[in-house]
Structures are given as C-alpha cells and as structure tokens.
Amino acid sequence: MKKHKSYFFKLFTGIILFISCAYGQSIVTQESYDSRFTPPEIGLPENMPYVKSLIWGKEGAFRKLNIGPESRIEELKLRRKMLQAHQWLGIITLAGLAYQYDVGKKLYDGDDSDYWDSHYDKHKAMGYFTYMTYMSTSSLSIFSPPARKYDNNINSIRFHRRMAALHFTAMVAQPFLAKKAVENGKRYNELMDAHLKAGTVAFFALSLDALGITSVSYTHLRAHETVLDLVCRLLLE
C-alpha cells in the first residue's frame, strides 16, 4: 500500500513538475515571440532639419509645451497621417493652381473683354482657394513629428525640400505682387508680369515636386527596409 502511495505521489509530483516546466517554457517562448514585435525605444533622429528641431527637438516648442503624443511610436503614427493628408492636399492644390495659371495667363495675354469679365472673379477666387490649401498643406509638413531617421544622401525627399522652398517663395510672392499691381497703377504691367512669373514658378516647381515625391517606388522602399523599419510599419498599419 505504501509502495502504491509512493508511486502515485511520484507520478503526481512528476506531472506537476512537467506541467510547470511546460508552462514556464511557454511563457519564455511567448515573451521571446512578443519581443520580436516590440521595438526598442526609438529616440529622436540625428540630422533633424533646423525648423523641425525648433518644434520637435529635445528643447523644441512642442516638448516644452507638452504638445503631441506621449511616445515616439505614437508620433510616427501621427506623422504618417499628417503626411498622407499633406500629399492629398498637395494634389488638390496642384489641380487648382493649374486652373488658376491657365486662366491667369489668358487674362494677361488676351484682349477679350468678355473673357476678362467672365473669368477674372473665378481666377481671383481660385487664387484664394489655392493659397489656403497650399498653406494648409505646408503646415501639415512643417508641424508633423520628425521622421525616424534622416538620410544625407540625395534622394526624392531632399529634392522635395528644395522644390518646396522654391514654390513656397513663389506662392507667398503671388498675392503680394497682385495687390501691389492694383495699388500702383504706374507699375501695373511690371508687377503683373512679375505676378505671372511667380505663378509660373509655383506651378512648375510644384508639378516637378509632385513627380519627384512619387517617383520612389513602394518596392524600392521595401528593399531597403530594416527589421526596425518593418516593426514600425507593422505597428503603424
């Protein structure tokens, strides 16, 4: 009887130990599995653009005012949403600017009074619309959180920044030149010519910018994706 009790005790103890070891192993395995999808803490990127550092740097305005998400992962999620809106608004702005440029050039070159009467107000209204959408688009880019990293090599993003500086200057100059042309009759032709040239620069710079920013293929970006990039992408999607 004692032998049977000893046997059952050993069997029971063995089962408990086996279950404990198996459960413990499953916990370790689960933790190891989960850790593959838990990225290490992502700090602020190096070579952050100066304007971005003023807003999102360690001593940036948003940090001091405690504005924005609580973690870098949340910041990257917000950045993605803001830049997607930035791209869509950019397309809308480009379409409006194309119409404004076409009508404006016809108004400037033509002598048809009927065309002037029927299209001048449309040109002016479209000018207000494109200026508003353009500045909204710029704000989304400027105030978006910083990227995970910034590359010093020449690529479409650097090209985008160069073009952005060009069409931003032209977009700001356009309404100023038009207003001055109306106020100063003596220099009307000179200022309106400058207004048209500013519109031309804005339209073609924004067009090249749109072509450049979409030229990097999805496959190409995935080919250079690191493990951390993959983890971040999975978390963001």
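Reading the values: the criteria
Residues numbered from 1 in each chain as written. Predicted model: local features only at pLDDT ≥ 70, side-chain atom pairs only at ≥ 80, totals over all residues. Heavy atoms only, no water. Salt bridge = Lys/Arg side-chain N within 4 Å of Asp/Glu carboxyl O. Helix = DSSP H or I, 4+ residues; strand = E, 2+ residues; numbered from the N terminus. Buried < 20%, exposed > 50% of the residue type's maximum accessible area, 1.4 Å probe, protein only. Patch = residues over 30% accessible without salt bridge, like charges linked within 9 Å, V, L, I, M, F, W, Y side chains within 5 Å. Areas by Shrake-Rupley, 256 points an atom, 1.4 Å probe, with all protein chains shown as cover. Lys, Arg positive; Asp, Glu negative; His and termini not counted. Charge placed at Lys NZ, Arg CZ, Asp CG, Glu CD. Core = buried A, V, L, I, M, F, W, Y, C linked by side-chain atoms within 4.5 Å. Contact = heavy atoms within 4.5 Å. Axes fitted to C-alpha atoms, helices over the stretch in contact; angles between N-to-C directions. Parallel < 35°, antiparallel > 145°, perpendicular 65-115°, else oblique. Left-handed = near helix turned anticlockwise from the far one by under 90°. Nonpolar A, V, L, I, M, F, W, Y, C, P; charged D, E, K, R; others polar.

Caption draft 1: Region of the structure containing the pattern of salt bridges. Summed over the entire model, instances satisfying the criterion amount to 9 salt bridges. A salt bridge links Glu75 to Arg72; the nearest nitrogen and oxygen atoms lie 2.8 Å apart. Within this pair, Glu75 and its partner Arg72 are both found in helix 4 (residues 72–109), separated by 3 residues, close to a single helical turn. Take Glu75 and Arg72: they sit in the same class, and that class is buried.

Caption draft 2: Expanded view of a negative patch on the surface. On the surface, Asp111, Asp112, Asp114, Asp117 and Asp121 cluster together to form a negatively charged patch. Note on placement: Asp117 falls in helix 5 (residues 113–142).

Caption draft 3: Geometry of the nonpolar core. Residues Leu94, Leu97, Tyr101, Tyr134, Ala170, Met171, Leu196, Ala202, Phe203 and Leu206 constitute the largest nonpolar core, which totals 10 residues. Contributing elements (two or more residues each) for this core: helix 4, helix 6 (156–183) and helix 7 (188–213). No other element matches the 4 residues that helix 7 contributes to this core. If sequence neighbours within four positions are ignored, Leu97 has contacts with Thr130, Met171, Gln174, Ala202, Phe203 and Leu206. Counting residues in hydrophobic clusters, the runner-up holds 5 residues, among them Leu177, Ala181, Leu191 and Ala198.

Caption draft 4: Summary view of the packing of helix 4 against helix 5. Where helix 4 contacts helix 5, the two axes come as close as 8 Å, and the packing angle between them is 155°. Here helix 4 lies roughly antiparallel to helix 5, going by the angle between them. Note on packing geometry: the crossing formed by helix 4 with helix 5 is left-handed. Among the residues forming the contact of helix 4 with helix 5, the class breakdown is 16 nonpolar, 14 polar and 2 charged.

Coordinates in, geometry out; function isn't part of it.
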